[in-house]
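Spelled out, the chains give:
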Amino acid sequence: MAIFEGSGAALITPFDENGVNYDAFGKLIDYQLKNGSGALFVLGTTGEPATMSRSERDGAVSFAVGRAARRVPVIVGSGCNCTAEAVQSSLRAQELGADGLLVVTPYYNKCTQNGLYEHYRAVCDAVDIPVIAYNVPTRTNVNINPDTAARLSTLKNMTGLKEASGDIDQLQAVAAAIENKMDLYIGDDSLTAVAYCLGAKGVISVAANVVPKVMATLTNLCAKGDFAAARTLQFELIPLMSALFCEVNPIPVKKAMSLIGLDCGVPRLPLTEAMPAHTELIAEVLEKISPERRGIKTW
């Protein structure tokens, strides 16, 4: 069975002057649980783990696991460009109660396809919980080719692939390569309906931070095969999805959360706060989405 289906929220990490803002983090998690998110992704790209200390990362994972209380899976980003470090981070997440792992391709090193396989093999051999490989070549400069994706599906504990290349041709080729071998998840909100047509089990969503109820509705429509309604909803979401990437993620989504009443702080350097013009754009888009459409607020 898939580790999750539907809309999985790629959670931001709220910060304040003391570190992780657990009050805001708890409210964000509750918002997801009350509005249909099928999984919580902690310390993924959107969560800014690269600028967090080890103790902050451990604290965020432990808190999310406790707050979720097994109601939905908590899947932890544990990737690193050093394979040994990725293994240790994965084992630590498992110890802290993670239900699964999201492991990004090793960045900067520019490893070969065989290197990718060996990297993931080391992680999968070390842990006992499901692993989702994360392909995001625009950030890592490494791409999981379709034949490599199929090869990864043979690894122990490798259960899924998050495809976030933004390339429909790549998405289609990967979907064909791993069909009936491991689960496909889309990492680009704007391609959710397209990915479901190709057999995806869900989306790992940035937009779900802001509109968890809407993203859950979109994936439910897709899962039922009601692509006419799903297409209409996907079109409605285009302005929001575009605005949430008007600057580098998670700059816009952190601003969006503050605009709907949950102050999650600002991104950590080298990321900066949203530019004034982009703040106006995000606010204009959010004004057209009613609180009822988003879901019931918990703050």
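The coordinates are above.
Residues numbered from 1 in each chain as written. Predicted model: local features only at pLDDT ≥ 70, side-chain atom pairs only at ≥ 80, totals over all residues. Heavy atoms only, no water.

A few points about the nonpolar core
Piece 1. Judged by nonpolar contacts, the single largest core of 88 residues is most densely connected at Val42, Tyr120, Leu152, Met158 and Met215.
Piece 2. A per-element tally of this core places helix α10 (residues 227–243) first, with six residues.
Piece 3. Excluding residues within four positions of it along the chain, tyrosine 120 makes contact with Val103, Val104, Thr105, Ala133, Tyr134, Ile144, Leu152, Leu155 and Met158.
Piece 4. In terms of nonpolar packing, the next biggest core, distinct from the first, is built from 15 residues, Ala39, Tyr134, Ala164 and Ile204 among them. (Core = buried A, V, L, I, M, F, W, Y, C linked by side-chain atoms within 4.5 Å. Buried < 20%, exposed > 50% of the residue type's maximum accessible area, 1.4 Å probe, protein only. Helix = DSSP H or I, 4+ residues; strand = E, 2+ residues; numbered from the N terminus. Contact = heavy atoms within 4.5 Å.)

Some words on the packing of aromatic side chains
Piece 1. Evaluation of the coordinates by the stated rule reveals four aromatic pairs.
Piece 2. Aromatic side chains phenylalanine 4 and phenylalanine 41 sit 5.5 Å apart centroid to centroid with 70 degrees between the ring planes, which places their arrangement in the edge-to-face category. On the criterion of sequence distance, the pair formed by phenylalanine 4 in the segment before β1 (6–10) and phenylalanine 41 in strand β4 (residues 39–42) is long-range, its members being 37 residues apart. Grouping residues by exposure puts phenylalanine 4 and phenylalanine 41 together as buried.
Piece 3. Seen from their ring centres, tyrosine 22 and phenylalanine 63 are 5.0 Å apart, and the 45 degrees between their planes marks the pair as tilted. (Phe/Tyr/Trp six-rings, centres within 6.5 Å; stacked < 30°, edge-to-face > 60°.)

Focus: the packing of helix α9 (residues 212–224) against α10
Piece 1. Packing of α9 against α10 brings their axes to within 9 Å, and their N-to-C directions diverge by 150 degrees. Between α9 and α10, the angle is such that the two are roughly antiparallel. By crossing handedness, the relation of α9 to α10 is classed as left-handed. On the side of α9, the interface is formed by Val214, Met215, Thr217, Leu218, Leu221 and Cys222, while α10 contributes Phe227, Ala229, Ala230, Leu233, Gln234, Leu237 and Met241.
Piece 2. Per-class residue counts for the contact of α9 with α10 are 11 nonpolar, two polar and no charged. (Axes fitted to C-alpha atoms, helices over the stretch in contact; angles between N-to-C directions. Parallel < 35°, antiparallel > 145°, perpendicular 65-115°, else oblique. Left-handed = near helix turned anticlockwise from the far one by under 90°. Nonpolar A, V, L, I, M, F, W, Y, C, P; charged D, E, K, R; others polar.)

Overview of empty space enclosed by the protein
Piece 1. Summed over all chains, the structure comprises one cavity of 30 Å³ or more.
Piece 2. Considering only enclosed or pocket space, the largest cavity measures out at about 30 Å³ in volume.
Piece 3. Lining the largest cavity are Ala10, Phe41, Gly44, Thr45, Thr46, Leu102, Tyr134, Lys162 and Ile204. (1 Å grid on protein atoms, 1.4 Å probe; cavity = no way out; pocket = protein on both sides within 12 Å on 5 of 7 lines; lining within 4 Å. Points joined across faces, edges and corners; volume = space filled by probe spheres on them.)

Looking at the layout of surface pockets
Any space left empty among the atoms is revealed by the rolling of a water-sized probe across them.
Piece 1. Here the largest pocket is characterised by a volume of approximately 920 Å³.
Piece 2. As for the largest pocket, its lining consists of 35 residues, and the residues nearest its centre are Leu43, Pro49, Ala50, Gly79 and Tyr107.
Piece 3. For the lining of the largest pocket, the secondary-structure elements that each account for two or more residues are α2 (54–68), β5 (74–77), α3 (83–95), β6 (100–104) and α5 (137–140).
Piece 4. In terms of residue count, α3 provides more of the lining of the largest pocket than any other element does, five residues in total.

Looking at α2
Piece 1. With 15 residues, α2 should reach 21 Å at 1.5 Å per residue; the first-to-last C-alpha distance of 21 Å fits that figure.
Piece 2. For α2, the complete set of buried residues consists of Glu56, Asp58, Gly59, Ala60, Val61, Ala64, Val65 and Ala68.
Piece 3. The elements touched by buried residues of α2 are β3 (19–20), α1 (22–34), β4, β5 and α3.
Piece 4. Where α2 terminates, the next one or two residues include alanine 69, which has phi positive at roughly 50 degrees. (Expected span 1.5 Å × (residues − 1).)

Observations concerning the pattern of salt bridges
For side chains of opposite charge, pairing can occur when their charged atoms come near one another.
Piece 1. Scanning all chains against the criterion turns up 12 salt bridges.
Piece 2. In this structure, lysine 254 engages glutamate 48 in a salt bridge whose closest nitrogen and oxygen atoms are separated by 2.8 Å. Of this pair, lysine 254 sits in helix α11 (residues 251–259) while glutamate 48 sits in the loop between β4 and α2, placing them 206 residues apart in sequence. For the pair lysine 254 and glutamate 48, one class covers both residues: buried.
Piece 3. Close ionic contact of lysine 255 with glutamate 273 constitutes a salt bridge, the shortest N to O distance being 2.9 Å. With lysine 255 in helix α11 and glutamate 273 in the loop between α11 and α12 (276–287), this residue pair connects regions lying 18 residues apart in the sequence.
Piece 4. Classification of lysine 255 by relative accessible area gives buried; the value is 15%.
Piece 5. Under the relative-accessibility criterion, glutamate 273 is labelled partly exposed at 43%.
Piece 6. What you see here is one network of salt bridges that share partners, running through Asp58, Arg92 and Glu95. (Salt bridge = Lys/Arg side-chain N within 4 Å of Asp/Glu carboxyl O.)

Focus: the sheet that holds β5
Piece 1. With parallel pairing, the eight strands of this closed barrel are ordered in space as β1-β4-β5-β6-β7-β8-β9-β10. On average, each strand axis in the sheet is inclined to that of its neighbour by 25 degrees, with strand direction left out of account.
Piece 2. Where β1 lies against strand β10 (residues 202–205), four bridges are found, and the strand directions are parallel. Note that in β10 the partner of serine 7 across the bridge is valine 203.
Piece 3. Taken strand by strand, helix α4 (residues 113–126) contacts β6, β7 (131–135) and β8 (158–163), and its axis lies near 160 degrees from that of β6. (Pairing = 2+ DSSP bridges.)

Geometry only, nothing functional implied.
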